[in-house]
Amino acid sequence: MNALAQFGRRRFAIASAALAAGLFLIGPANAQDRVTLQLDWIPTGEYAIYYNAIDNGFFREQRLEVTINRGQGSGDTIRRVAAGTAEFGVADIATVMTARQRSADSRVKAVMPVYTKPPHSLFVIRGSGVASFKDLEGKRVGTTPGNSHQIYLPLLAAANNFDPAKINWVTTDPGAMGAMLINGQLDAAPFFQTHQYFQNKQAQRFNREIVAIPYANFGLDAYASTIIASDAMLARNPALVRRLHAERQKEVLWAKADPRAAGRIHNRHRLQIDVDDALGSLRIGLTFVFNDVTTRDGLGQFSAARLRQTYDLVARTQQLDPALDPGGFVATGLAPRSGS
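Keep in mind that this is a model prediction, so the values were computed, not measured. (Residues numbered from 1 in each chain as written. Predicted model: local features only at pLDDT ≥ 70, side-chain atom pairs only at ≥ 80, totals over all residues. Heavy atoms only, no water.)

Draft legend 1. Here's a closer look at the environment of Asp105. The residue Asp105 is located in the loop between helix H5 (93-102) and strand E4 (108-113) in this model. On the basis of relative accessibility, which here comes to 62%, the residue Asp105 falls in the exposed class. Spatially, the C-alpha atoms of Asp105 and Thr310 are 23 Å apart, while their sequence positions differ by 205 residues. (Helix = DSSP H or I, 4+ residues; strand = E, 2+ residues; numbered from the N terminus. Buried < 20%, exposed > 50% of the residue type's maximum accessible area, 1.4 Å probe, protein only.)

Pasting the structure below:
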């Protein structure tokens, strides 16, 4: 082999080695973190906000590969996130505050608000004789473990003259409650108002009408759903939360701008929820994301005053320590400042 050929081969080998080294260095930097987002309920249309982030690449932009799991209620979500089987979850802040004080296995914090106003309500059938909270005494009301509707009910009881101890609670799967209400197995069922549109469509097939009794109409004004992470994960990888915050800004603003497209995306991921049902739920859900609280405090931001107001309500209903600093239930300083 002549000297020129040997020189060429050496240059090729050096270049190949450099390229391989470069790819080795670049690979981890560009690698996606695989994370699980544990929902708090069945993935109906209001969760289109999360699914659009998959299809629009918002998760990918933050180097996140996200699996979304259906939920069984806030209490179950908290247990899964605390145990490390999901990096993030959606859970009501009332359940977070209560579980954190009552169980050493519930070390999670809220990292951003989802609903800055409460969508809690009880669904009843028109003409059933249940038209107010007082009418619930002696009736069968569905629930799930750690359900935030049940947590707040004692607060409403004092202001609305009824005794929650006289309610017959029926623990059931969240996916069964709507059908149980429609066929008369339950007299009332706890749902977010986001579910009324599609649940009522089901009821109309049986010549029934679902009516919502909103908690907000009877004195509840507080934070509701939040995204949570475990203490362990927050200590180990706070940058992961920052990336989720940045992604969250895009997903909610995109859904607000084009809810119909978000409904179509949700239908592609959850074929059992048709586009009209998804859109009906999403439009209601967006009112709890974008409102005067969000305008005042900023998207994805906790307000110390509203956090205190929320904790005072929860502490009264659950006999928790009223002197605790509610800032201990949230992880702040990880969100970008933004408008609504």
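Draft legend 2. Region of the structure containing the confidence of the model for the protein chain. On average, residues of the protein chain score 89 in pLDDT, and 90% of them reach the 70 mark or higher. Considering only residues more than four positions removed or in separate chains, one finds that residues 14-28, a stretch of pLDDT under 50, has zero contacts. (pLDDT = per-residue confidence, 0-100. Contact = heavy atoms within 4.5 Å.)

Draft legend 3. Region of interest: the pattern of salt bridges. Counted by the stated rule, this structure contains 18 salt bridges. Salt-bridge contacts for Asp277 lead to Lys201; the nearest nitrogen and oxygen are separated by 2.7 Å. Residue Asp277 is located in helix H12 (residues 275-289), and its partner Lys201 is located in helix H8 (residues 196-204); the two are separated by 76 residues in the primary sequence. Relative accessible area serves as the criterion here: at 9%, Asp277 is assigned to the buried category. Note that Asp297 is salt-bridged to Arg296, the shortest N-O span being 2.9 Å. Here Arg296 falls in the exposed class, since its relative accessible area comes to 52%. Here the salt bridges do not stand alone but share partners, grouping Asp76, Arg79 and Arg80 into one network. (Salt bridge = Lys/Arg side-chain N within 4 Å of Asp/Glu carboxyl O.)

Draft legend 4. Inspection of the sheet that holds strand E9 (residues 210-214) at higher detail. The strand order across the open sheet formed by three strands is E8-E5-E9, and the pairing between neighbours is antiparallel. Each edge of the sheet is formed by a strand with only one pairing partner; in this case those strands are strand E8 (189-192) and E9. Along the sheet, successive strands turn relative to each other by an average axial angle of 40°, direction set aside. When strand E5 (residues 120-125) meets E8, the two strands line up antiparallel, connected through four bridges. Bridge pairing links Ser121 to Phe191 in E8. (Pairing = 2+ DSSP bridges. Axes fitted to C-alpha atoms, helices over the stretch in contact; angles between N-to-C directions.)

Draft legend 5. The packing of helix H4 (residues 74-83) against H5, seen in detail. Interaxial distance between H4 and H5 falls to 10 Å at its minimum, and their mutual angle equals 55°. Taken together, the axes of H4 and H5 are oblique relative to one another. At the point where H4 passes H5, the crossing takes the right-handed sense. Facing H4, whose interface residues are Ser74, Gly75 and Ile78, H5 presents Thr95, Val96 and Ala99. Across the contact of H4 with H5, the residue classes break down as three nonpolar, three polar and no charged. (Parallel < 35°, antiparallel > 145°, perpendicular 65-115°, else oblique. Left-handed = near helix turned anticlockwise from the far one by under 90°. Nonpolar A, V, L, I, M, F, W, Y, C, P; charged D, E, K, R; others polar.)

Draft legend 6. Summary view of the nonpolar core. Counting residues in each nonpolar core, the largest one holds 54 residues, and the members touching the most others are Leu37, Leu39, Tyr50, Phe88, Val111 and Ile227. In this structure, Leu122, Ile213, Leu220 and Val314 belong to the second largest nonpolar core, which totals 33 residues. (Core = buried A, V, L, I, M, F, W, Y, C linked by side-chain atoms within 4.5 Å.)

Draft legend 7. Highlighting the environment of Ala278. Examined against the element boundaries, Ala278 turns out to sit in helix H12. Sequence separation between Ala278 and Gly263 is 15 residues; the distance between their C-alpha atoms is 5.1 Å. With residues up to four places along the chain from it excluded, the contact list for Ala278 reads Gly45, Gly263, His266 and Ile273.

Draft legend 8. Examining the sheet that holds strand E1 (residues 33-38) more closely. Sheet architecture is open: five strands sit in the order E2-E1-E3-E10-E4, paired in mixed fashion. The open sheet has two edge strands with one neighbour each: strand E2 (64-69) and E4. Recorded for the sheet is a direction-independent mean angle of 35° between the axes of neighbouring strands. As paired strands, E1 and E2 are joined by six bridges and run parallel to one another. Its bridge partner being in E2, Asp33 is matched across the sheet by Leu64.

Draft legend 9. Broad picture of the pairing of E5. Most of E5 is tucked away, with six of its six residues classed as buried. Here E5 shows no split at all, with His120, Leu122 and Val124 on one side and Ser121, Phe123 and Ile125 on the other all buried.

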